[in-house]
Structure formats: C-alpha cells, structure tokens
Amino acid sequence: MMSLRLFLGFDVFMVFVSSIIALTIGYYAGKGYKLTSEKLLLYLSLSFSLLGVSLLVDGLVSIYFYLSMFKGAQVSRIVFMAGNVITSIAEVAAFTLLAYTYVRYSFIAASSSFLPILMFKNYNPLVEIVLIILLCYITIQTSISYGWRKELNSLLVFTGFLFILLAHIFFLLTSIYMFCYILAHTLQLLGFIFLLVMLLRVNRR
Amino acid sequence: MVLRKPAAYRSKIKIYVDMLEVIRREGGEAKPTKILYGANLSYDRFQKYISQLKEKEFIVEVKKNDGKILSYKLTDKAYNFLEEFKKVKRFIDAFGLTF
C-alpha cells in the first residue's frame, strides 16, 4: 500500500507524457495529411489526437481528485463521472478508428476470420474489454507488418501497441490487484515511448 | 495472411511523386518523354499533371532558343516536398499501412 501511495502523482505524470506523445503523433500524421491529402493520414491523425485528448482528460481528472484529496475537500461526482465518460468515449473512438484504418489500409491483411472472432466473442461490454479487443486486432496487424517488413520502425510500432495492450489488460485487473495500476501506467508510458522513438527515427534525414 | 492487391488507381499525389522522382533520378532535369514513360502516363495525363506541377512551383521549364520546351527542372520546393514525402512514407510503413 505504501508503494502505491508513493506512486500517487507519478501516474498523472506518466499519463501526461503519454498524452503528449499521442498528440505529437497525431500532429505529425495531420502534417502528413496536409502534404498528401491522403485520408489514411487523416484517420491516423484523428485517432492519435483522440487518444491524446482522452489521456489528457484522464490526467486532469486525476489531478482534480488528488488536489481535492489533499485539501480535504469533497470530490464532485459529476466531474469524476464526466471525466470518465469523456475518457472512455474518446479512447474507444480512437482505437475503433485505428482498427478501421488497419482494416481499410493495411498493406497485408490478417486472415479475415481473426476480426469476427475478436469482435463477437461474448465479453461483458466494459470499456476496457472493448479496448483490449480493438488493441488485440491492431497489435496482430502490426506484428504481421513487422514479420513482413523486418524493419526496426515496424518493430517499434508493434512493441508500442503490445505494451499499450498489456497496459489495458492490467488496467482491467486493477480492481482485483491494486499493484496492476502501477504496472499498467508504466507499460502504457513505455508503449508511447516506443511510438515516439519510431517518430524520431522516421524524421531523421 | 492475405496480401492486399495494390490500389487499382494511382492517387494524384502518387503521380506527382512518380513524376518528380523521375526528374530527380535524371539529376534534377529531364526531358518530357523521359518523364512521360518513367511515370507511366498517357500523353493527356502527362499534360494535365505537368501543368499542375508548374502551378505548384515544383518544376520550371527549360526552353530552347526557339521557345520550345527542352526539359523540366526540379525546384527547391520539389526537393523539400520529396524529402517530406519520404518521411511520411516511412511513418506509414512503420504502421504497416499503405495508400
């Protein structure tokens, strides 16, 4: 429990860093769309921007929660609920759009039987589970892409999404094991760092 | 695993890039026929896209003394565009996507 207390605040920092990375990738894809007018880049830009916004709102709600807690003030349930709803909707929308982008624009397709299995398995309709399903599909696509291309940039994207997927699995387990909360945030941050490294490599001359 | 068929038609941006790449491969200046064949275009489409590239200031005409067009030369703007396009392509490739 002590280690979890020490972690308070650090989770917000990690969420903000992840948010900045997601927004940077969204911005870069938007720049690419402006240059080429290719819709694929618009979808990438929108999905990463939504993801960035979702993480940003998540971070702001956490800050509000911690500040209220330290001041001993009562936490407004409406702020908390609104924050959670915005975060969930934005995140689901972001990963749905990203999965759609892979369905539409992937240069190599996973066996088409993969998607229905993943989409229609009888899970509870919880946000985290939806995200895990969408992320599974995206991670499979990026792993196939890496297997095909054998390039470091593709490996970085695959590893990035794999870590984000693992993060969401641990977010789901947070209600059972509290330590998963720390692990999930750390994995999420690492995932976005892998994507950032890819972006930096891509922009080398 | 299924390899997707390449898109049946080339987008405008791809045609621009193909034409500019032909000129770049020729050392920054190329004759019209070289661009036409190199970018695999019909004469009508070549005329259409070459005038668009001129409008966008990606190329300039090099004329003979009698005013006839001898070749097309890449501008700095075109070199920058190709460089930026290369980065965007690497970015999309990293995600395993294609347009």
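Residues numbered from 1 in each chain as written. Chains lettered and ligands numbered in written order. Predicted model: local features only at pLDDT ≥ 70, side-chain atom pairs only at ≥ 80, totals over all residues.

**Here's the deal with the overall build of chain A**
What counts is decided by this rule: In this description a helix means any DSSP run of H or I spanning at least four residues, a strand means any run of E spanning at least two, and both kinds are numbered starting from the N terminus. Once C-beta atoms have been placed from the backbone, residue pairs whose C-beta atoms lie within 7 Å are recorded as contacts.
The secondary structure content of chain A amounts to eight helices and one strand. Shown N-terminal to C-terminal, the secondary structure of chain A runs as helices and strands in the order α-α-α-α-β-α-α-α-α. Summarising the internal contacts of chain A: among those between residues at least 6 apart in sequence, 72% fall at separations of at least 24.

**Things to note about the overall build of chain B**
To be explicit about the condition: Residue burial is a threshold on neighbouring C-beta atoms within 10 Å of the residue's own C-beta, all placed from the backbone, with 20 or more meaning buried, 12 or fewer meaning exposed, and counts in between meaning partly exposed.
When helices and strands are tallied, chain B shows four helices and four strands. Going from the N terminus to the C terminus, chain B shows its helices and strands as β-α-β-α-α-β-β-α. Structurally, chain B occupies a C-alpha span of about 60 × 25 × 20 Å along its principal axes. Expressed as a percentage of the 99 residues in chain B, the buried residues total 25%. Long-range pairs, those at least 24 residues apart, make up 41% of the contacts in chain B between residues at least 6 apart in sequence.

**Considerations on the sheet that holds strand β2 (residues 29-30) of chain B**
Residue and element names in this part refer to chain B. Quick reminder of the rule: Being paired, for any two strands, means DSSP has found at least two bridges between them.
Strands sit in the order β2-β4-β3 across an open sheet of three strands; the sheet is antiparallel. Only two strands of the sheet have a single neighbouring strand rather than two, namely β2 and β3 (59-63). Both β2 and strand β4 (residues 69-74) contribute to a ladder of two bridges, which runs antiparallel. Note that in β4 the partner of Ala30 across the bridge is Tyr72.

**Observations concerning the interface of chain B and chain A**
Rule in force here: Following the grouping adopted for this structure description, the nonpolar residues are Ala, Val, Leu, Ile, Met, Phe, Trp, Tyr, Cys and Pro, the charged ones are Asp, Glu, Lys and Arg, and the polar ones are all others, Gly among them.
Counting residues at the interface gives 20 residues for chain B, matched by 27 residues for chain A. Counting only elements with at least two residues in the side of chain B that touches chain A, the list comes to β1 (2-3) and α4 (76-94) of chain B. Looking at the side of chain B that touches chain A element by element, the count peaks at nine residues for α4(B). Looking at the side of chain B that touches chain A residue by residue, the classes come out as 12 nonpolar, three polar and five charged.

**A short note on the nonpolar core**
Generally speaking, a soluble globular protein has its nonpolar side chains buried in company with each other. Counted only if it meets this: A set of buried Ala, Val, Leu, Ile, Met, Phe, Trp, Tyr and Cys residues, joined through C-beta atoms within 7 Å, is what we mean by a nonpolar core.
Ile25(A), Phe95(A), Leu134(A), Leu135(A), Ile138(A), Val157(A) and Leu195(A) are the most contacted members of the largest nonpolar core, which has 58 residues in total. For this core, the secondary structure elements donating two or more residues are α2 (10-36), α3 (39-71), α4 (77-105), α6 (127-149), α7 (152-173) and α8 (179-202) of chain A together with α4 of chain B. Sorting elements by how many residues they give to this core places α3(A) first, with 11 residues. Formed by 18 residues, the second largest nonpolar core is a distinct cluster that contains Met19(B), Leu20(B), Phe58(B) and Phe81(B).

**Points about the packing of α3(A) against α4(A)**
All names here are of chain A. Under the convention used in this document: Axis definition: a line fitted to C-alpha atoms, limited for helices to the stretch in contact. Angles are taken between N-to-C directions and run from 0 to 180 degrees. An angle below 35 degrees is read as roughly parallel, one above 145 as roughly antiparallel, one from 65 to 115 as roughly perpendicular, and any other as oblique. Crossing handedness: left-handed means the near helix sits turned counterclockwise from the far one by under a right angle, and right-handed means the same turn made clockwise.
Axis separation between α3 and α4 bottoms out at 8 Å; the angle between their running directions is 160°. As summarised for this structure, α3 and α4 are arranged roughly antiparallel, according to the angle between their axes. Both α3 and α4 take part in a crossing whose hand is left-handed. Residue classes in the contact of α3 with α4 are distributed as 20 nonpolar, five polar and two charged.

**Observations concerning the pairing of β3(B)**
Residue and element names in this part refer to chain B. Alignment of β3 against β4, held across five bridges, turns out to be antiparallel. Within β4, the residue paired with Lys63 across the bridge is Ile69. Joining the antiparallel neighbours β3 and β4 is a turn of five residues, in which Gly67 adopts a positive phi near 90°.

**Brief notes about the environment of Phe48(A)**
Here Phe48(A) lies in helix α3. Taking the C-alpha atoms as reference points, Phe48(A) and Ala90(A), 42 residues apart in sequence, are found 10 Å from one another.

**Some details on the confidence of the model for chain B**
Residues and elements named next belong to chain B. Rule in force here: By definition, pLDDT measures how confident the predictor is in each residue, and it falls between 0 and 100.
Per-residue confidence for chain B gives a mean pLDDT of 89, with 92% of residues at or over 70. Of all the helices and strands in chain B, β1 carries the lowest mean pLDDT, 56, while helix α2 (residues 32-38) carries the highest, 95. Taken together, the chains of this predicted complex give a pTM of 0.80 and an interface ipTM of 0.81.

**Description of α4(B)**
Residue and element names in this part refer to chain B. Put simply, the test is: Take the number of residues in a helix, subtract one, and multiply by 1.5 Å to get its expected span.
When the terminal C-alpha atoms of α4 are compared, their 27 Å separation across 19 residues agrees well with the 27 Å that a helix rising 1.5 Å per residue should span. Listed as buried for α4 are Ala78, Phe81, Val88, Phe91, Ile92 and Ala94. With its phi angle positive at about 75°, Gly96 sits one or two positions after the end of α4.

**Some details on the environment of Glu21(B)**
Residues and elements named next belong to chain B. Relative to the assigned elements, Glu21 resides in helix α1 (residues 12-25). Judged by the 16 C-beta atoms lying within 10 Å of it, Glu21 falls in the partly exposed class. Distance in space between the C-alpha atoms of Glu21 and Leu82 is 7.9 Å, their sequence separation being 61 residues.

**Things to note about α3(A)**
Turn by turn, an α-helix covers 3.6 residues, leaving residues three or four places apart pointing in a common direction. With 33 residues, α3(A) should cover 48 Å at 1.5 Å per step; its first-to-last C-alpha distance of 47 Å lies within 8% of that length. Gly72(A) lies just past α3(A) and shows a positive phi near 80°.

**Regarding the packing of α2(A) against α3(A)**
All names here are of chain A. Interaxial distance between α2 and α3 falls to 7 Å at its minimum, and their mutual angle equals 160°. By the angle class used here, α2 and α3 are roughly antiparallel. Our pair here, α2 against α3, has a crossing hand that is left-handed. Split into classes, the residues belonging to the contact of α2 with α3 amount to 16 nonpolar, 11 polar and two charged.

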